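Remarks on the overall topology
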Amino acid sequence: MPGSLSEVVGLLELEQLEVGLYRGSQPETSSMTRVFGGQVAAQALMAAQLTVPEDRSVHSLHIYFILGGDPSIPIVYDVEKIRDGRSFTTRRVAARQHGAIIFYMTASFQVEEEGFNHQDSMPDVPSPEDSTPLIDMINTSGQEGQDIWDQEWASFDLRYVGDNRAPDDPQRELVPVVQRIWFRANGELPASPAIHNAAFTYISDFSLLGASLLPHGVFIGQPEVQAASIDHAIWFHHPMKVDEWLLYDQKSPSASGARGLSTARVFAQDGTLVATVAQEGLIRPVTPR
């Protein structure tokens, strides 16, 4: 995983091999045995955006993670032009490694239009400055945990707002899971909206599946659970700046069949709802032999 924002931006600079065919590089890693799903999603979105007119922005994408990616070799992205209409453009992207498809994404783009407007209100939460930096929580796990965090996740500043894990929290009667995180890029991103959308797609895969484990007292990375993203969807409502604070307001309406479903609203600090995210993933309990 990239340890700096410049490395994340570098991952989004794809090499064009042929018309509609791109190659994405890999960051150096010492702890990841498979490619971070957010990286594949972000690179796939960049590949799709490179084939779309500049007057059209992504408004939704839908993803299936099929196989775990190999972090030791590049990923090839094959962009299929499904439709080019007067208002909407549709692209399908297949990511390939070792001759196999590891990932599919369908993305839709739209010209800017005026229309009806409404949105959820932003919850009343502490500011980023009054929230706990995730690195401070990692520090409690010792030097090894901090070193891994610095190497793999330092490209984003993440602050833990809180959750409703307490058994006596009255909110749990109506909503089993609430988990909130402030995040922003750890530095300034290029002004390109395509870069900001891809950077958001990258970090949107962080922590969301973990929300579905919150009521069960288990965390991703622990030996008691096998976890993996299965599918992922994002709806982009308004332009966003990922180098400014965004609130990731996460919930998990259901867990069943060794799968967990998490949804999230994403708010800018001024209260604008900029995106909605949903993800289902494998959260298979592991019984020690």
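Our subject is the structure listed above.
Notes on the structure in this doc start here. Everything numeric here is computed off the predicted structure, so don't read it as measured data.

**Some points on the layout of surface pockets**
A volume near 940 Å³ is recorded for the second largest pocket. Glu-112, Phe-236, His-237, His-238 and Pro-239 are the residues nearest the centre of the second largest pocket, which is lined by 28 residues in total. Residue assignment for the lining of the second largest pocket shows that the elements contributing at least two residues are strand S3 (56-65), strand S6 (100-111) and helix H5 (193-204). Of the residues contributing to the lining of the second largest pocket, the split by class is eleven nonpolar, twelve polar and five charged.

**Concerning the packing of aromatic side chains**
Per the counting criterion, the structure on display carries six aromatic pairs. Between Phe-65 and Phe-103 the ring centres are 5.7 Å apart and the planes differ by 65°, which places this aromatic pair in the edge-to-face class. Here Phe-65, found in strand S3, pairs with Phe-103, found in strand S6; they are 38 residues apart in sequence, far enough to count as distant. In this structure an aromatic cluster arises from ring pairing among Phe-183, Phe-200, Phe-236 and Tyr-248. The ring of Tyr-104 has Arg-92 sitting right over it, with the charged end atom 4.1 Å from the ring centre.

**Here we look at the side chain of Asp-243**
You can see Asp-243 is positioned in the loop between strand S10 (225-236) and strand S11 (246-256). Comment: no salt bridge for buried Asp-243; closest opposite-charge side chain is Lys-241, at 6.5 Å. Leave out the neighbours within four places in its chain, and Asp-243 touches Arg-184, Ala-185, Gly-187, Glu-188, Leu-189 and His-196.

**Topic: H5**
With twelve residues, H5 extends 16 Å from end C-alpha to end C-alpha; this agrees with the ideal 16 Å at 1.5 Å per step. Of all twelve residues making up H5, ten are buried, and the element is well covered by its neighbours. Within H5 the residues assigned to the buried category are Ile-195, His-196, Asn-197, Ala-198, Ala-199, Phe-200, Thr-201, Tyr-202, Ile-203 and Ser-204. A distance of 3.2 Å separates the backbone nitrogen of Ala-194 from a side-chain oxygen at the start of H5, and that oxygen is part of Ser-192.

**Here we look at the nonpolar core**
Soluble globular proteins tend to bury their nonpolar side chains together. Counting residues in hydrophobic clusters, the biggest one holds 60 residues, and the most contacted among them are Phe-103, Met-105, Phe-183 and Phe-200. Contact partners of Met-105, with chain neighbours within four places excluded, come to Ala-41, Ala-44, Leu-45, Ala-48, Leu-61, His-62, Ile-63, Arg-91, Arg-92 and Val-93.

**Details of a nonpolar patch on the surface**
Together, Tyr-64, Ile-66 and Leu-67 give the surface a local cluster of nonpolar side chains, amounting to about 310 Å² of exposed area. Mapped onto the secondary structure, Leu-67 falls in the loop between S3 and strand S4 (75-84).

**Structural notes on the pairing of strand S1 (residues 15-18)**
Bridge count between S1 and strand S2 (residues 21-24): three bridges; the pairing is antiparallel. Of the residues in S2, the one forming a bridge with Glu-18 is Leu-21.

**Side note on helix H2 (residues 37-49)**
Compared with the 18 Å implied by 1.5 Å per residue over 13 residues, the 18 Å span of H2 between its first and last C-alpha is a close match. Burial analysis of H2 places 13 of its 13 residues in the buried class, which makes it a mostly covered element.

**Structural notes on the environment of Arg-83**
If you trace the backbone, Arg-83 turns up in strand S4. With 25 residues separating them along the chain, Arg-83 and Ser-108 place their C-alpha atoms 9.3 Å apart. Apart from the residues lying within four places of it in its own chain, the contact partners of Arg-83 are Phe-88, Thr-89, Thr-90 and Arg-91.

Conventions and cut-offs
Note that residues are indexed from 1 along each chain, following the sequence as it is written. Only residues with pLDDT of at least 70 are given local features in this predicted model, and only at 80 or more are side-chain atom pairs given and counted; all residues enter the totals for whole chains, interfaces and linings. Where side-chain values are given, they derive from all heavy atoms of the structure, hydrogens and water being excluded. Buried and open spaces are told apart on a 1 Å grid over the protein atoms alone, a cavity being a set of points where a 1.4 Å probe fits but cannot get out and a pocket being an open set with protein on both sides within 12 Å along at least five of seven lines. Residues with an atom within 4 Å of a point are the lining residues. Grid points are joined across faces, edges and corners, and a volume is the space filled by probe spheres set on the points. Helix and strand definitions here come from DSSP, where helices need a minimum of 4 consecutive H or I residues and strands a minimum of 2 consecutive E residues; each element is numbered from the N-terminal end. Only Asp, Glu, Lys and Arg are considered charged in this grouping, and only Ala, Val, Leu, Ile, Met, Phe, Trp, Tyr, Cys and Pro are considered nonpolar; every other residue, Gly among them, is considered polar. Side-chain rings of Phe, Tyr and Trp (the six-membered ring for Trp) are treated as a pair once their centres are within 6.5 Å; stacked means planes under 30 degrees apart, edge-to-face means over 60, and tilted covers the remaining angles. A ring has a charge above it when a Lys NZ or an Arg CZ is no more than 6 Å from the ring centre and no more than 35 degrees off the ring normal. Throughout this description, buried means an accessible area under 20% of the type-specific maximum (1.4 Å probe, protein chains only), exposed means over 50%, and partly exposed covers the range between. Asp and Glu are treated as the negative residues and Lys and Arg as the positive ones, with His and the ends of the chain left uncounted. The rule for a salt bridge is simple: a side-chain nitrogen of Lys or Arg has to be within 4 Å of a carboxyl oxygen of Asp or Glu. Here, residues are in contact when the closest pair of their heavy atoms is within 4.5 Å. Given a helix with a known number of residues, its expected span is that number minus one, times 1.5 Å. By the criterion applied in these results, polar contacts are pairs of N or O atoms within 3.5 Å in which, for protein atoms, one can donate a hydrogen and the other can accept it, and in which residues neighboring in sequence qualify only through two side-chain atoms. In this text, buried Ala, Val, Leu, Ile, Met, Phe, Trp, Tyr and Cys residues form a nonpolar core when linked through side-chain atoms within 4.5 Å. Patch membership is restricted to residues that have no salt bridge and whose relative accessible area is over 30%. Joining uses 9 Å for like charges and 5 Å for the nonpolar side chains Val, Leu, Ile, Met, Phe, Trp and Tyr. The protein chains shown are the only cover counted for residues, whose accessible areas, like all others here, come from Shrake-Rupley with a 1.4 Å probe. For two strands to be treated as a pair, DSSP must find at least two bridges joining them.

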